[in-house]
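In case you want the letters, here they are:
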Amino acid sequence: MSSGGGGALRIPAARAALAVRTGSAVNRLSRLLDLGSGTVIGGRAALAIDPRLIGRLARGRRVALVSGTNGKTTTTGMLVAALTGGTGTGVGTNRTGANMPAGHAAALVDHRLAATIVLEVDEGYLAELIAETEPRVVVLLNLSRDQLDRISEVRMLADLWRQGLAGNGERATGSPMTVVANADDPMVVWAAMAAPTVRWVGVGQVWHDDAVGCPACGGRIEFDPLGGWQCDSCAFGRPELFASIDRSRTLVFADGTRLPLEIELPGTFNRANAAMVAVAAPEMGAATGAEVVTPGTALERLRMLVDVAGRFSTVERLGRTVRLLLAKNPAGWTAIFDLLDEEGGHPAGIVLAVNARVADGLDTSWLWDVPFERLAGRSVIATGERCRDLAVRLRYADVDHTVVPDPLAAVDAAIAAAADVAADVGVASDSASDSAVARSPAPDGAADRPGTAGPVEFLGNYTAFSRLRDRL
Amino acid sequence: MTGATDPSAQPELVVVVVYPDLLGTYGDGGNGIVLAQRARWRGYRVSVREARSGSPLPEGDLYCLGGGEDGPQVRAASLLIEDGTLARQAGRGVPVLGVCAGFQILGHRFPDADDRPHRGLGLLDITTRKGRGARAVGEVLARFDRGPRPADGRRLPDLTGFENHGGVTTVGPGAAPLARVLTGVGNGGGDRVEGAWHGRVVGTYLHGPVLARNVQLADLLLGWALEARGSASRLAPLDDTEEEALRAERLAATEVRGLRGAARPFSRGFQRRGIGNPISRPAQPG
């Protein structure tokens, strides 16, 4: 907003104040009536009164936006933890994963006094939120197929991001924006290269199925096994890295600095998220008080984080540990299968849950892009509102399965089955289990037996995961 | 046993999934998996060739094309025309299944994101233009009135699937509609039909994937593939309990929606309430 508009400002200011009061009141009312946390409904009410509220409330604050198909809730939580040392104090965020405008408005209203705001942003809203909030940092994680009926095809999203980042040249506040972008996802690179300042991070992404066609010229992108990539018909290729993850789980900076990526959160994808946060946190400047968080401090603070919004959390039930895993799309499910392989464990049982509500995507065809064939030899339970689709997919993947439509009953069935196996095997001492593994690496499921001490893995897509987490 | 009717003694059945790197966005690669497994379970030797763009299209016994984004769709069409294999094989009676973008490029013309027309393979007498209204998104149920029939002459069970497209396809006199729409939009031309077929070329807008939801259509295509190479085409029955359970569940869900939404496409009501597509985008085929 330009100076000298004092007279014109009065009405919008009054409107914004009313919007804020209304948003808070609706939130309080919603909580009082037990209609949920109320963040979205309050935000919606506030935006109805003042559609430009987000921009007004963001003005003068340090804002970071986190977007991408996978990992945005976790990475947002990580960035808050990195900036605050896990206390969350002084930083406002949309912790409930309400990542559309109503959720953003609610976060800004709820955290009116926070000088720093970290927002998770739905991919489709990133461009407009950049224009509204003039963020100091934008973290771009990845782009892959997800909810094609609702969101968009990958290239259209990449173009939208690109426009949003390019259109940010003339900022009212004049404060600079740094984009922290995944250099291993060509779609992210295509979008981010439009921004003036980018820190490219090589996170070692493995899902490439949505990036074979060059977004610049329509040519073919070739990926080499060492992580590089290049279009075969134009100059579009992997940019020069600011930092990257090497094989020994170390974050290596271009200046030679090496930091160990030792975190509690499991999986390659979470180390990738942590690397992005380690690069992003210092760009926020003195976010809370006088201190600028260094990459080393950021990683130190992430080390102890064990779950974000229930993802990767464990629950004890009927004497058994149940681990809750969320994956929403083919890239996400593939990453979880990688995690199970990486841990090399023998889960006591695997429960797969699929819903197809609006937040999940209404079309379940994506199940056929998930390499369920990798579960062959294990026995799994299919559950969720679309367990029938999942069962057919598992049948064609030659994966032994049973169907238990109710997710909680499915978890209990997996726990009961694990107990039965334990009884069959006898008192499975560790040494006995080891020799059992050595004797039969067994396609018949025996390989799962020694792991009866392991957790029951529950893997669900968005609403299937959330509903089970709430029921537990 | 090596008799002519022993499936395992027959030459390998080659299922070609056409350009999954360009036409693999919507999970339609599952059609290739369904076809291959249903042949394997009956004792046939099968290979699935995921034929990426940039290499010559292999010769096969059955071709599957899936949905894709606008740019890749245009590229796929021009590569297939240049390559020539698909048209040649279809001319020999080899069955072809095209879904969504893959359906559109089997026709004479289809539009790109900017509504410029592009030439298709001309294997089906259809043309596609951009729709003016909302993108068609939602469950579809359709009846195979004039659709292809198996050897016993019986109508296939109703076609079920999920559509997600902005194109409007008109079926010319040289092809027939695949099915009559009961719920959903389908081709969108006002005549309430879905898909098209001629000879052994079948096109549809439906994902799901369509052959996982409609295994008898999969078996029809498999029978055609065997027929095209002169093999015995009678297929042993399979235990389709799980596929039937999926169909029953989807049919029940679609009927409920159909009653609630009358004849209106599911997606429109949806977008009017403002929780549909969060970003304004041009209607696009695919």
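The structure presented is a predicted model; accordingly, all values stated were derived computationally and were not measured.

1. Here's the deal with the overall build of chain A
Item 1. Each helix and strand counted, chain A has 15 helices and 17 strands in total.
Item 2. Considering only intrachain contacts with a sequence separation of at least 6, the fraction spanning at least 24 residues in chain A is 67%.
Item 3. For chain A, the accessible area works out to roughly 18,600 Å², and carbon and sulfur atoms hold 54% of it.

2. Structural notes on the overall build of chain B
Item 1. When its secondary structure is counted, chain B shows eight helices and 13 strands.
Item 2. Across the 286 residues of chain B, 60% fall into the buried class.
Item 3. Long-range contacts, defined here as pairs at least 24 residues apart, represent 72% of the contacts in chain B between residues at least 6 apart.
Item 4. Accessible surface, chain B: about 11,000 Å² in total, of which carbon and sulfur atoms supply 51%.

3. Overview of the interface of chain B and chain A
Item 1. With 47 residues of chain B at the interface, the matching set in chain A holds 38 residues.
Item 2. Summing both sides of the interface, chain B and chain A together bury roughly 3,700 Å²; the carbon and sulfur share of this comes to 54%.
Item 3. Inspection of the region where chain B meets chain A yields five salt bridges.
Item 4. Notably, a salt bridge pairs R386 of chain A with E249 of chain B, separated by 4.0 Å at the nearest N-O pair.
Item 5. Connecting chain B to chain A are 14 residue pairs in polar contact (both at pLDDT 80 or more).
Item 6. Secondary-structure elements contributing two or more residues to the side of chain B that touches chain A are helix 1 (30–40), helix 2 (70–83), strand 8 (136–143), strand 9 (159–165), helix 5 (210–213), helix 7 (241–261) and helix 8 (266–272) of chain B.
Item 7. Here the element with the most residues in the side of chain B that touches chain A is helix 7 of chain B; it accounts for six residues.
Item 8. The residue inventory of the side of chain B that touches chain A, partitioned by class, reads 17 nonpolar, 14 polar and 16 charged.

4. Re unusual backbone geometry
Item 1. That bond from G208 of chain B to P209 of chain B is cis: its omega, -10°, falls within 30 degrees of zero.
Item 2. Relative to the assigned elements, P209 of chain B resides in the loop between strand 13 (201–204) and helix 5.
Item 3. A positive phi angle, near 45°, is found at E134 of chain A, a position not held by glycine.
Item 4. Locating E134 of chain A in the fold gives a position in the loop between helix 6 (126–133) and strand 4 (137–140).
Item 5. E134 of chain A gets classed as buried once you look at its relative accessible area, which sits at 16%.
Item 6. Positive phi is not limited to glycine here, since R249 of chain A has a value of about 55°.
Item 7. Mapped onto the elements, R249 of chain A comes out in the loop between strand 9 (243–245) and strand 10 (250–253).
Item 8. Given a relative accessible area of 33%, R249 of chain A falls into the partly exposed group.

5. Section: the confidence of the model for chain B
All names here are of chain B.
Item 1. Put simply, chain B has an average pLDDT of 88, and 88% of its residues get 70 or more.
Item 2. With pLDDT under 50 throughout, residues 260–286 is counted as low confidence; its partners more than four residues away or in other chains account for 66 contacts.
Item 3. Predicted as a complex, the structure gets a pTM of 0.82 and an ipTM equal to 0.90.

6. Description of the sheet that holds strand 12 (residues 193–198) of chain B
Residues and elements named next belong to chain B.
Item 1. If you trace the nine strands from one edge of the open sheet to the other, you get 2-1-3-4-13-12-11-8-9, paired in mixed fashion. This sheet does not close on itself; its edge strands, each paired only once, are strand 2 (46–51) and strand 9. Along the sheet, successive strands turn relative to each other by an average axial angle of 25°, direction set aside.
Item 2. The pairing of strand 4 (residues 96–99) with strand 13 spans four bridges and is classified as parallel. Paired with G98 across the two strands is G203, which belongs to strand 13.
Item 3. Along the sheet, helix 1 makes contact with strand 1 (13–18), strand 2, strand 3 (62–65) and strand 4, crossing strand 2 at roughly 165°.

7. Observations concerning the pattern of salt bridges
Item 1. Enumeration over the complete set of coordinates arrives at 44 salt bridges over all chains.
Item 2. The partner of K72 of chain A in a salt bridge is E123 of chain A, and the shortest N-O contact between them spans 3.0 Å. With K72 of chain A in helix 4 (residues 72–84) and E123 of chain A in the loop between strand 3 (116–121) and helix 6, the pair connects residues that are 51 residues apart, well separated along the chain. When sorted by exposure, K72 of chain A lands in the same class as E123 of chain A, which is buried.
Item 3. The partner of R213 of chain B in a salt bridge is E139 of chain B, with the nearest N and O atoms 3.1 Å apart. Of this pair, R213 of chain B sits in helix 5 while E139 of chain B sits in strand 8, and the two are 74 residues apart along the sequence. Per residue, the accessibility class of R213 of chain B equals that of E139 of chain B, and both read buried.

8. Looking at the environment of M187 of chain A
Residues and elements named next belong to chain A.
Item 1. Summarising the element assignment, M187 is placed in helix 8 (residues 186–192).
Item 2. Each C-alpha atom, one on M187 and one on G43, is 31 Å from the other, the two residues being 144 residues apart in sequence.
Item 3. Setting aside residues no more than four positions away along its own chain, M187 makes contact with L143, V154, R155, A158, D210, A211, G213 and P215.

9. Brief notes about the nonpolar core
Item 1. Among the nonpolar cores identified, the biggest contains 134 residues, and L302, W333, L352 and F372 of chain A together with L86 of chain B are the most heavily contacted of them.
Item 2. Per-domain counts for this core show at least three residues from each of domain 2 (59–302) and domain 3 (314–471) of chain A.
Item 3. Excluding residues within four positions of it along the chain, W333 of chain A makes contact with A327, K328, L352, A353, V354, W366, V370, F372, L459, G460 and N461 of chain A.
Item 4. Within the second largest apolar cluster, 50 residues are counted, among which are A19, A58, W200 and I221 of chain A.

10. Considering the packing of helix 6 of chain A against helix 7 (residues 154–166) of chain A
All names here are of chain A.
Item 1. Remark: helix 6 packs on helix 7, axes separated minimally by 8 Å, with the N-to-C direction vectors making an angle of 10°. One element, helix 6, and the other, helix 7, form an angle in the roughly parallel class. Seen from helix 6, the contacting residues are L126, A127 and I130; seen from helix 7, they are L160, W161, G164 and L165.
Item 2. For the contact of helix 6 with helix 7, the class distribution of residues is six nonpolar, one polar and no charged.

11. Regarding the sheet that holds strand 10 of chain A
Whenever strands of a sheet pair, they do so through backbone hydrogen bonds, lying parallel or antiparallel.
All names here are of chain A.
Item 1. Across the sheet, which stays open at both edges, the nine strands sit in the order 2-3-1-4-5-6-9-10-11 with mixed pairing between neighbours. The open sheet is flanked by strand 2 (91–93) and strand 11 (258–260), the only strands paired with a single partner. Going across the sheet, the axis of each strand differs from the next one's by a mean of 15°, ignoring polarity.
Item 2. Where strand 2 lies against strand 3, three bridges are found, and the strand directions are parallel. Residue G92 lies in a different strand from strand 3, and its bridge partner there is I117.
Item 3. Relative to strand 3, helix 5 (residues 101–110) is tilted by about 165°, and along the sheet it contacts strand 2 and strand 3.

12. Focus: the side chain of E69 of chain B
Item 1. One can find E69 of chain B in the loop between strand 3 and helix 2.
Item 2. For E69 of chain B, a relative accessible area of 3% corresponds to the buried category.
Item 3. The residues contacting E69 of chain B, other than those within four sequence positions of it, are E153, V154 and R155 of chain A together with L22 and T25 of chain B.

13. Digging into the packing of helix 4 of chain A against helix 9 (residues 268–283) of chain A
Residue and element names in this part refer to chain A.
Item 1. Where helix 4 meets helix 9, the axes come as close as 9 Å, and the angle between the chain directions of the two elements is 45°. Classed by the angle they form, the pair helix 4 and helix 9 counts as oblique. The two elements helix 4 and helix 9 meet at a crossing, and its hand is right-handed. The segment helix 4 lies against helix 9, with T74, T75, M78, L79, A82 and L83 engaging N270, N273, A274, V277, A280 and A281.
Item 2. Residue classes in the contact of helix 4 with helix 9 are distributed as eight nonpolar, four polar and no charged.

14. Focus on the packing of aromatic side chains
All names here are of chain A.
Item 1. Tallied over the entire structure, the rule returns 11 aromatic pairs over all chains.
Item 2. Summarising the aromatic geometry, the rings of F337 and F372 are spaced 5.8 Å apart at their centres and angled 65° between planes, so their arrangement reads as edge-to-face. Taken together, the residues span a long stretch of sequence, with F337 in helix 11 (residues 330–343) and F372 in the loop between strand 14 (349–353) and strand 15 (379–383) at a distance of 35 residues. Both residues of the pair, F337 and F372, count as buried.
Item 3. On the basis of an interplanar angle of 50° and a centroid distance of 5.8 Å, the ring pair of W368 and Y396 is categorised as tilted. You can see W368 sitting in the loop between strand 14 and strand 15 and its partner Y396 sitting in helix 12 (residues 387–396), a full 28 residues away along the chain. Residues W368 and Y396 agree in their burial class; the two are buried.

Parameters and conventions
- Residues numbered from 1 in each chain as written.
- Chains lettered and ligands numbered in written order.
- Predicted model: local features only at pLDDT ≥ 70, side-chain atom pairs only at ≥ 80, totals over all residues.
- Heavy atoms only, no water.
- Helix = DSSP H or I, 4+ residues; strand = E, 2+ residues; numbered from the N terminus.
- Contact = heavy atoms within 4.5 Å.
- Areas by Shrake-Rupley, 256 points an atom, 1.4 Å probe, with all protein chains shown as cover.
- Buried < 20%, exposed > 50% of the residue type's maximum accessible area, 1.4 Å probe, protein only.
- Buried area = accessible area lost by both parts, 1.4 Å probe.
- Salt bridge = Lys/Arg side-chain N within 4 Å of Asp/Glu carboxyl O.
- Polar contact = N/O pair within 3.5 Å; in protein donor to acceptor, adjacent residues only side chain to side chain.
- Nonpolar A, V, L, I, M, F, W, Y, C, P; charged D, E, K, R; others polar.
- pLDDT = per-residue confidence, 0-100.
- Pairing = 2+ DSSP bridges.
- Axes fitted to C-alpha atoms, helices over the stretch in contact; angles between N-to-C directions.
- Core = buried A, V, L, I, M, F, W, Y, C linked by side-chain atoms within 4.5 Å.
- Domains from an automatic or database assignment.
- Parallel < 35°, antiparallel > 145°, perpendicular 65-115°, else oblique.
- Left-handed = near helix turned anticlockwise from the far one by under 90°.
- Phe/Tyr/Trp six-rings, centres within 6.5 Å; stacked < 30°, edge-to-face > 60°.

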